[in-house]
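Examining the three-dimensional arrangement
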Amino acid sequence: MAFPSAPSTLWSVSLLTVLFAAAVHGNIIDDDDPMQPVTSDETVSVGGTVTLTCRVAESDNSSLQWSNTAQQTLYFGAKRALRDHRIQLHFSSSVELSIDIGEVQLSDEGEYTCSLFTMPVRTARATVTVLGVPGKPQILGFENAVSEGGTVTLTCTSTGSKPAASLRWYKGNQELEGHTELVESDPDELTSNVSSKLTLEVSRGDNNELITCAVVHPSLAPGDKRSEQALRVLYSPDVQILPESHLPREGEKFCLQCLGNGNPEPAEYKWDKKDEVLPPQAKVDGAHLCFESLNKSDNGVYLCYADNGIGNSQGEFTLLVQDPTAMSTSSGVDHAVIGGVVAVIVFILLCLLIVLGRYLIRHKGTYLTHEAKGSDDAPDADTAIINAEGGHSGAEDKKEYFI
């Protein structure tokens, strides 16, 4: 029984078409073929330059060719085929063809084909990935100062990233958590816009603290794109009274200064004396209270009130007027220190003298004599007597050692 020839012919043509298409698109690659082109995928940022390289191990002098994503020939060997000033020949030989694509755009992304025109045609593909570089982040929310204990909401936005960038917040050098992030795609530009919101509760210690928003993206080195602004926190003053001298003496001039550490700085100061009125000779000049000539009657607790519009606070100072002959506290402290050092030195010297005296007394009158030498070792009494007599006969040679 014979089969119709037409379907067989059609099947053969279809198979050849599939095989040719697969070869053209690089789906069939023989790794052992020395004439098979080899390429590599590349990643480049917008505005940068990418180099596409195609190599073969052996060549029969057939030409290598690079084609773009639209299958337009860019270079055929060393000959330019497409008039695009951004595309330049990098290197050409019988076994290699390399080209540079400069000023890369997002539209340059895709698959590029290297072909070796043999029979059959051998091809390889290289995928170019173009990164959209995110813009410098912009921070909103610092327009107005925030009162102590309040909250501030900050928004950071960065545009033009591909793939979508991520945003990180820092207060000083400490990374902050708890922020929300929103990504919006721009289909016309093939990029994304990223925004992040951060809510902070502030204290007076946060005043002038730098808040930073940093962009994290494959196209950037750490810290390349960041913006920072300082927090402005309003808080009531913290009042401290500083004396002009630590030894207020009777008959001398003496002043007190009221320091109000607040934001903003206090605009109004008020002086008072606890449970009494200010002495007539006390003169008030804003943050200063001065006495032209101190008197024992000026003793007491003085109060300073500071107001900066955000709040008010007070500080106090106890004034004790000393006699005109009173010594400086610092001088008295110096003398006490010197006296203590001298006493310690004298004590150490006395201890050394006592130890040395005891040592000399212990070793005084220690003698070494050599009388009747050998009598203790005699085997019997007669020998001992003889030895003893011999020892006495040499009495004039006895020696004494004094140490």
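This text gives an overview of the structure that appears in the document.

What counts and what doesn't
Residues numbered from 1 in each chain as written. Predicted model: local features only at pLDDT ≥ 70, side-chain atom pairs only at ≥ 80, totals over all residues. Heavy atoms only, no water. Helix = DSSP H or I, 4+ residues; strand = E, 2+ residues; numbered from the N terminus. Contact = heavy atoms within 4.5 Å. Areas by Shrake-Rupley, 256 points an atom, 1.4 Å probe, with all protein chains shown as cover. Salt bridge = Lys/Arg side-chain N within 4 Å of Asp/Glu carboxyl O. Buried < 20%, exposed > 50% of the residue type's maximum accessible area, 1.4 Å probe, protein only. Pairing = 2+ DSSP bridges. Phe/Tyr/Trp six-rings, centres within 6.5 Å; stacked < 30°, edge-to-face > 60°. Disulfide = S-S within 2.5 Å. Axes fitted to C-alpha atoms, helices over the stretch in contact; angles between N-to-C directions.

1. Looking at the overall build of the chain
Along its length, the chain carries three helices and 25 strands. For the chain, contacts bridging at least 24 residues in sequence account for 62% of all contacts bridging at least 6. When the accessible surface of the chain is split by element, carbon and sulfur atoms take 55% of a total near 25,300 Å².

2. Some points on the pattern of salt bridges
A complete count under the given rule lists eleven salt bridges for this structure. Between Asp33 and Arg122 there is a salt bridge whose closest N-O contact spans 2.4 Å. Taken together, the residues Asp33 in the loop between helix H1 (5-24) and strand E1 (42-45) and Arg122 in strand E9 (residues 122-131) connect sequence positions 89 residues apart. For the pair Asp33 and Arg122, one class covers both residues: buried. Notably, a salt bridge pairs Asp323 with Lys296, separated by 3.0 Å at the nearest N-O pair. Within this pair, whereas Asp323 is found in the loop between strand E25 (312-319) and helix H2 (329-363), its partner Lys296 is found in the loop between strand E23 (288-291) and strand E24 (300-307), the two being separated by 27 residues in sequence. Take Lys296: its relative accessible area is 35%, and that puts it in the partly exposed class. Residues participating in the shared-partner salt-bridge network are Asp84, Arg86 and Asp108.

3. Things to note about the pairing of E25
Bridging between E24 and E25 involves eight bridges; their strand directions are antiparallel. If you follow Tyr302 over to E25, its bridge partner there is Phe317. What sits between E24 and E25 in their antiparallel hairpin is a turn of four residues, with Gly309 showing a positive phi close to 90°.

4. Quick look at the packing of aromatic side chains
For any two aromatic rings, the description comes down to two numbers: the centre-to-centre distance and the angle of the planes. Scanning the entire structure with this criterion turns up two aromatic pairs. Note on Phe76 and Phe117: the rings are 5.7 Å apart at their centroids and 55° apart in plane angle, and the pair reads as tilted. Taken together, the residues span a long stretch of sequence, with Phe76 in strand E4 (residues 73-76) and Phe117 in the loop between strand E8 (110-116) and E9 at a distance of 41 residues. Owing to a relative accessible area of 34%, Phe76 belongs among the partly exposed residues under this scheme.

5. Here's the deal with the state of the cysteines
Applying the stated criterion across every chain yields a total of four disulfides. Sulfur-sulfur distance for the disulfide between Cys54 and Cys114 comes to 1.9 Å. Measuring handedness by torsion sign, the sulfur bridge of Cys54 and Cys114 sits at about -80° and is left-handed. With Cys54 in strand E2 (residues 50-55) and Cys114 in strand E8, this residue pair connects regions lying 60 residues apart in the sequence.

6. Comments concerning the environment of Glu252
Topologically, Glu252 is positioned in the loop between strand E19 (233-243) and strand E20 (254-263). Judged by its relative accessible area of 34%, Glu252 is partly exposed. Sequence-wise, Glu252 and Asn295 are 43 residues apart; in three dimensions their C-alpha atoms are separated by 8.7 Å. Discounting residues that sit within four places of it in the chain, Glu252 has contacts with Phe291, Glu292, Ser293 and Leu294.

7. Brief notes about unusual backbone geometry
Following Met119, the chain continues to Pro120 via a peptide bond in cis, the omega torsion being 0°. For Pro120, the location among the structural elements is in the loop between E8 and E9. Look at the link from Lys162 to Pro163: it is a cis peptide, with omega at -5°. Inspection of the secondary structure puts Pro163 in the loop between strand E12 (151-161) and strand E13 (166-171). Even without glycine at this site, Asn61 takes up a positive phi of about 70°. Owing to a relative accessible area of 68%, Asn61 belongs among the exposed residues under this scheme.

8. What about the sheet that holds strand E16 (residues 191-201)?
Hydrogen bonds between backbone groups are what pair the strands of a sheet, and the pairing can be parallel or antiparallel. Spatially, E10-E12-E16-E15 is the arrangement adopted by the four strands of the open sheet, whose pairing is antiparallel. The open sheet is flanked by strand E10 (138-140) and strand E15 (180-186), the only strands paired with a single partner. Each strand of the sheet is rotated relative to its neighbour by a mean of 20°, with strand direction disregarded. Relative to E16, E12 runs antiparallel, the two being bridged by nine bridges. Note on E16: the bridge partner recorded for Ser158 is Val194.

9. Thoughts on the environment of Gly77
By the secondary structure assignment, Gly77 is in the loop between E4 and strand E5 (79-80). Take Gly77: its relative accessible area is 14%, and that puts it in the buried class. Distance from Gly77 to Ser94, taken between C-alpha atoms, is 8.3 Å for residues 17 residues apart in sequence. When near neighbours in sequence (up to four residues on either side) are disregarded, Gly77 contacts Leu64, Leu89, Ser92 and Leu97.

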